Protein chains: 4
Amino acid sequence: MEIGLFGLGRMGGNICRRLLRAGHRCVVFNRSPEPVRLAVADGAVAAESLADLVRQLTPPRAVWVMLPAGRTTGQAVAELASLLQPGDTVIDGGNSFYKDDIRRARELAARDIAYLDVGTSGGIWGLERGYCLMIGGDATAVARLDPIFAALAPGLGTIPRTPGREGRDSRVEQGYLHCGPAGSGHFVKMIHNGIEYGLMQAYAEGFDILRNRASDALPEDERFVLDTADIAEVWRRGSVVSSWLLDLSAAALAEDVQLTAFSGEVQDSGEGRWTIQAAVEEAVPAPVLSASLYARFRSRTSHTFGDKLLSAMRFKFGGHVELPHRPGAES
Amino acid sequence: MEIGLFGLGRMGGNICRRLLRAGHRCVVFNRSPEPVRLAVADGAVAAESLADLVRQLTPPRAVWVMLPAGRTTGQAVAELASLLQPGDTVIDGGNSFYKDDIRRARELAARDIAYLDVGTSGGIWGLERGYCLMIGGDATAVARLDPIFAALAPGLGTIPRTPGREGRDSRVEQGYLHCGPAGSGHFVKMIHNGIEYGLMQAYAEGFDILRNRASDALPEDERFVLDTADIAEVWRRGSVVSSWLLDLSAAALAEDVQLTAFSGEVQDSGEGRWTIQAAVEEAVPAPVLSASLYARFRSRTSHTFGDKLLSAMRFKFGGHVELPHRPGAES
Amino acid sequence: MEIGLFGLGRMGGNICRRLLRAGHRCVVFNRSPEPVRLAVADGAVAAESLADLVRQLTPPRAVWVMLPAGRTTGQAVAELASLLQPGDTVIDGGNSFYKDDIRRARELAARDIAYLDVGTSGGIWGLERGYCLMIGGDATAVARLDPIFAALAPGLGTIPRTPGREGRDSRVEQGYLHCGPAGSGHFVKMIHNGIEYGLMQAYAEGFDILRNRASDALPEDERFVLDTADIAEVWRRGSVVSSWLLDLSAAALAEDVQLTAFSGEVQDSGEGRWTIQAAVEEAVPAPVLSASLYARFRSRTSHTFGDKLLSAMRFKFGGHVELPHRPGAES
Amino acid sequence: MEIGLFGLGRMGGNICRRLLRAGHRCVVFNRSPEPVRLAVADGAVAAESLADLVRQLTPPRAVWVMLPAGRTTGQAVAELASLLQPGDTVIDGGNSFYKDDIRRARELAARDIAYLDVGTSGGIWGLERGYCLMIGGDATAVARLDPIFAALAPGLGTIPRTPGREGRDSRVEQGYLHCGPAGSGHFVKMIHNGIEYGLMQAYAEGFDILRNRASDALPEDERFVLDTADIAEVWRRGSVVSSWLLDLSAAALAEDVQLTAFSGEVQDSGEGRWTIQAAVEEAVPAPVLSASLYARFRSRTSHTFGDKLLSAMRFKFGGHVELPHRPGAES
């Protein structure tokens, strides 16, 4: 079938390519021209503006917006709303805040335009592996666009089927899920990312303890010099902690067991923060997901004001003078 | 080759079976007779005591001890030490504390008996899937027993090879690793379990937030009734959080999305606790692994004394009277 | 001087009383009549409505709103805005969200009415001890109302002066602080409450460990039966952990060392939650403040869905069956 | 009465001084001679060795050992055990591990020598303010040495008495407590320090959030430039978070609101670590006390290996390249 695509960055470009490979017609627009040229070389149809993109699609139209930042997405959706007709559909495949989705869907529904929020996981591997899609919004629009979602999703592949799923929605096993009303797709994707932070931090702490077992602060007969690359590799087979993130860790450690290319400053994005906000709203304890987010905050600062205050208190009550800063020290 | 096996519980029985299938000779002993009878039916040779087991093996002997609790393992190793000869090997495949291994290995080395500590992951799936083995101790003994380890490990299977491992120890890709000197096998297994707790808790918190999104304490248009069974399933394909633990979660939720069979009281074992102790010894921050352990502690108590003290303070400073206990309430 | 007071609950009633004792004229209104009658008995002037309250004050008026919930406060401020004149002042002494303050102040400024947000700490002790006041908003209005704030604040009292404060704003030592523009008063109060949660939880955990030292799960010679009432008391004198919250704990434990009157279900209020939100917005790690909030969430639920999922995973990988629920068990 | 004192460091020297002021006879020994000379100037009697110190005391003797490190204390206790007679008492006033106390007390009991472990809080302020004493060991020895403990403790002072303590052990209100058998004194002191870490970290996080409210990463109308020195001061009066640690914070911030003298690297000592170990042994959740310890660990390292692994995973799944290290950045 046919789809418009606005935003051909790292994610959008690959989504376009995967849809083209599946035989779909893609009309594409991007603020900078180079990605459009590349997409056209792969078989896409170029548009010169959002208006032009809308013009080149046959109703009922569907336009997939794939932009990095929340604000730009909001503007794009608003612009599309003014260009589209009743019966058309806007899809936000980015990482929008689910409360923004709820509002936008309501606004577009007033003009009889459907709005779908599609959480899209898979990163740079999605082109080959397929994307895991978490979809929120109107069921009719979701059904109509099924060929698009089916083409993007990974499909059954070699992953064994879960027993007990006979008679359940078969799309799920293909790797795409209609989660519920508007906002629910990005909500589920948000929690996915929150969990992702937690999983990553669990591995990070474990490997940190393994690596520091060689520390000469420990009694000599309790020290071990452990090969974290080999440990990551052996855990990939038959252990309880095997996962895709472990596969990636094993690959990174096989390349360089010191990970010297990485500064240790870890970014975070909205989903991790919103996950904590959702937990607090629901009064659900989320200590692991919070700790994971805080570890990232902490990784980006050399010393907090709070740390200094701790030292100041220690000095005041015990006369303790903290050791001077040793630059470059690493645990 | 030939091996003695003491302890035919859930783990030991399957280890015996997997070794027999691979054509190894297993001389087995167990405190209660029934598991011995079952093993003999599968092709094992019965022994009536540890002494009898040692008698039926040809030097250099190897005896695999597979007992649940630390104390019993210590006694068994001591008894074996008095029965075995220089050149023999004792293997502890249970979940011993690595500092006990270090001590035991030193004691046995004085009698020229090798001691290997083998962390064994795989649970009830190991018989078919194979066991991930983390081995500590003398390299000569490890090399001599290679056929045993190779038979127990999963082998390459269908799991893709990690790029960049060319020229590295090929046993690792088969699923078994010689980690280092005595104690290091159980140390690595201990951290494996610590990470396991963290991974499990990350999923637990995420699914808790998903499920509580239907709470009527939330604004009506921000509530979602989400199907956690479908969400677990869709994340198995193409998402960043795919893992074996997610596979198991998806299976459990497909059976019963309410998980009514489970009380919510979660046990913990030594490894999770020792992991925190190791982190503290090394001065490595491990907030996620600690939080995971604490969540299990907390799950087994209805109210802590600490909680009551919080209420008492609140009453004293603000006159706040806490609501009475609502039995059966669940987040 | 003269002030209007809307809301005569636990806090508002005592604020009125303390102002009357200092010789100020208080015109009071409350939705239910009984608190008004009590205040009149103490010397206040009754009003029959907000309009009546405004009528009985001489411009430039000041009306202190002291209501428990956010929504009601918003309505009251809006109603007052329609009744007051340019040059008047509205004071919100409750626990409003600081972003609501910022918005309200902007709205009232458009009509030339000042809006002050006053975080008020002291609980039921404030009548005698005085209230610690954290004030946000227009400096002119703050200066004009100084006699009110001075009357409510504790004053220097017997608390030793901090060296190095010579030449600094002397109001601070009296117990009231103009923190900055609108919203900053409630922001500082919010963080005060966040810290309060953390302090309380630190004591709660410590006393929990003390009390559980008698557990028969411990080796016999490492068990202690400790008297937590005496320990709280001794720490009040000369120790590093002495504090007002410890004073209250000592009093509660002296009454009943088992704290049997308290269920262990601990409520939380907006400030604790907003503190985490603020930390996340600022990318400041706040593990202790978060853990404190989560402990309260957890105290109000008997088992989480997450706990059940942990058990389900354990059952799936290891065949572990968790022990049945023991009602009433307490750590 | 009379006491021997071994160890005249920061703590021991002041303890000696306070005992002398109370009219007690102190026979003192120290490895380096200078502190002995100072103590003699204050009225102490010098000893040239432990043997000499024992010789100059009349049975039943009491020797207070006040040494910083665990190992040295063990040696000193052993040496004293060989010099003392049945009926004598050894007091360990340092920060020993309570399990060492239990063992030492058992060893000394075999020779009919009493062993008391005395947790001593008060830091450099103890000389004037008095020391809060937490005493473990034989009740007879504790009773015999009551004048010593009474002299060191702060006494009632100006701190209000806790209602409901009539008829209870009056020593507690004087600031010293016989907690229970050997080890219990240091156990209670250990938990005191664990709580201390938690309290300090709660303030640290709160002030960090206050200070970062000026960050230009926030929306302009939600930024505040807050004076943390004034806030600490105002909270000292009438607020719920008033405490001695807050008094010290206010003093430090009044001197320099930037705390520039402090590097932000925060040391930790055994008690904080052993507190976590005790919590884990007892299966008591202690998230706040753990988080406080981890914050100190983290403050002493610029980047963890775990952080690098997080970045490595992010690069592998999403192609994310982390920003380069900005030296000196501070939250």
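How each quantity is defined
- Residues numbered from 1 in each chain as written.
- Chains lettered and ligands numbered in written order.
- Predicted model: local features only at pLDDT ≥ 70, side-chain atom pairs only at ≥ 80, totals over all residues.
- Heavy atoms only, no water.
- UniProt positions renumbered as here; feature names shortened; annotations may be inferred.
- Helix = DSSP H or I, 4+ residues; strand = E, 2+ residues; numbered from the N terminus.
- Buried < 20%, exposed > 50% of the residue type's maximum accessible area, 1.4 Å probe, protein only.
- Contact = heavy atoms within 4.5 Å.
- Lys, Arg positive; Asp, Glu negative; His and termini not counted.
- Charge placed at Lys NZ, Arg CZ, Asp CG, Glu CD.
- Least-squares fit on C-alpha atoms with pLDDT ≥ 70 in both.
- Axes fitted to C-alpha atoms, helices over the stretch in contact; angles between N-to-C directions.
- Parallel < 35°, antiparallel > 145°, perpendicular 65-115°, else oblique.
- Left-handed = near helix turned anticlockwise from the far one by under 90°.
- Nonpolar A, V, L, I, M, F, W, Y, C, P; charged D, E, K, R; others polar.
- Core = buried A, V, L, I, M, F, W, Y, C linked by side-chain atoms within 4.5 Å.
- Pairing = 2+ DSSP bridges.

- An unreviewed UniProt entry annotates chain A as Decarboxylating 6-phosphogluconate dehydrogenase originating from Rhodovastum atsumiense.
- Per UniProt, chain A has the following entry under Pathway (unreviewed entry): "Carbohydrate degradation; pentose phosphate pathway."
- For chain A, the Sequence similarities (unreviewed entry) comment in UniProt is given as "Belongs to the 6-phosphogluconate dehydrogenase family."

### Looking at the overall build of chain A
Part 1: Counting its secondary structure elements, chain A contains 15 helices and 8 strands.
Part 2: Taken along the three principal axes of its C-alpha coordinates, chain A extends 75 × 45 × 45 Å.
Part 3: Taken over 331 residues, chain A has a buried fraction of 63%.
Part 4: Look at the contacts in chain A between residues 6 or more apart in sequence, and 64% of them connect residues 24 or more apart.
Part 5: Distance between charge centres in chain A, computed from 35 positive and 40 negative side chains, equals 4 Å.

### Regarding the relation of the copies chain C and chain A
Part 1: By a simple turn and slide, chain C fits onto chain A: the slide is 0.0 Å along the axis, the RMSD is 0.1 Å, and the turn is 180 degrees. Within this description, the copies of the chain are treated as partners about a two-fold rotation axis. Across chain C, the rotation axis passes nearest the C-alpha of glutamine 277 of chain C, at a separation of 3.3 Å.
Part 2: The share of interface residues of chain C whose copies in chain A are also at the interface is 100%, consistent with both copies meeting through the same surface.

### Focus: the packing of helix α13 (residues 270-282) of chain B against helix α14 (residues 287-299) of chain B
All names here are of chain B.
Part 1: Where α13 meets α14, the closest approach of the two axes is 10 Å, and the angle between their N-to-C directions is 140 degrees. Overall, the two elements α13 and α14 adopt an arrangement that is oblique. Once α13 is placed against α14, the crossing between them reads as left-handed. Along its contact with α13, which presents Gly272, Arg273, Thr275 and Ile276, the element α14 presents Leu289, Ser290, Leu293 and Phe297.
Part 2: For the contact of α13 with α14, the class distribution of residues is 4 nonpolar, 3 polar and 1 charged.

### Topic: the nonpolar core
Part 1: Of all hydrophobic cores here, the largest spans 240 residues; its most connected members are Trp235 of chain A, Trp235 of chain B, Trp235 of chain C together with Trp235 of chain D.
Part 2: Not counting residues up to four positions away in its chain, the partners in contact with tryptophan 235 of chain A are Phe207, Leu210, Val241, Ser242 and Leu246 of chain A together with Cys132, Met134, Val188, Ile191, His192 and Ile195 of chain B.

### Focus on the sheet that holds strand β6 (residues 114-121) of chain A
Residues and elements named next belong to chain A.
Part 1: Spatial strand order, β3-β2-β1-β4-β5-β6-β7-β8: 8 strands in an open sheet with mixed pairing. The open sheet has two edge strands with one neighbour each: β3 (45-46) and β8 (176-180).
Part 2: Looking at chain direction, strand β4 (residues 62-65) and strand β5 (residues 89-92) are connected through 4 bridges and run parallel. Each bridged residue has a counterpart across the sheet, and for alanine 62 the counterpart in β5 is threonine 89.

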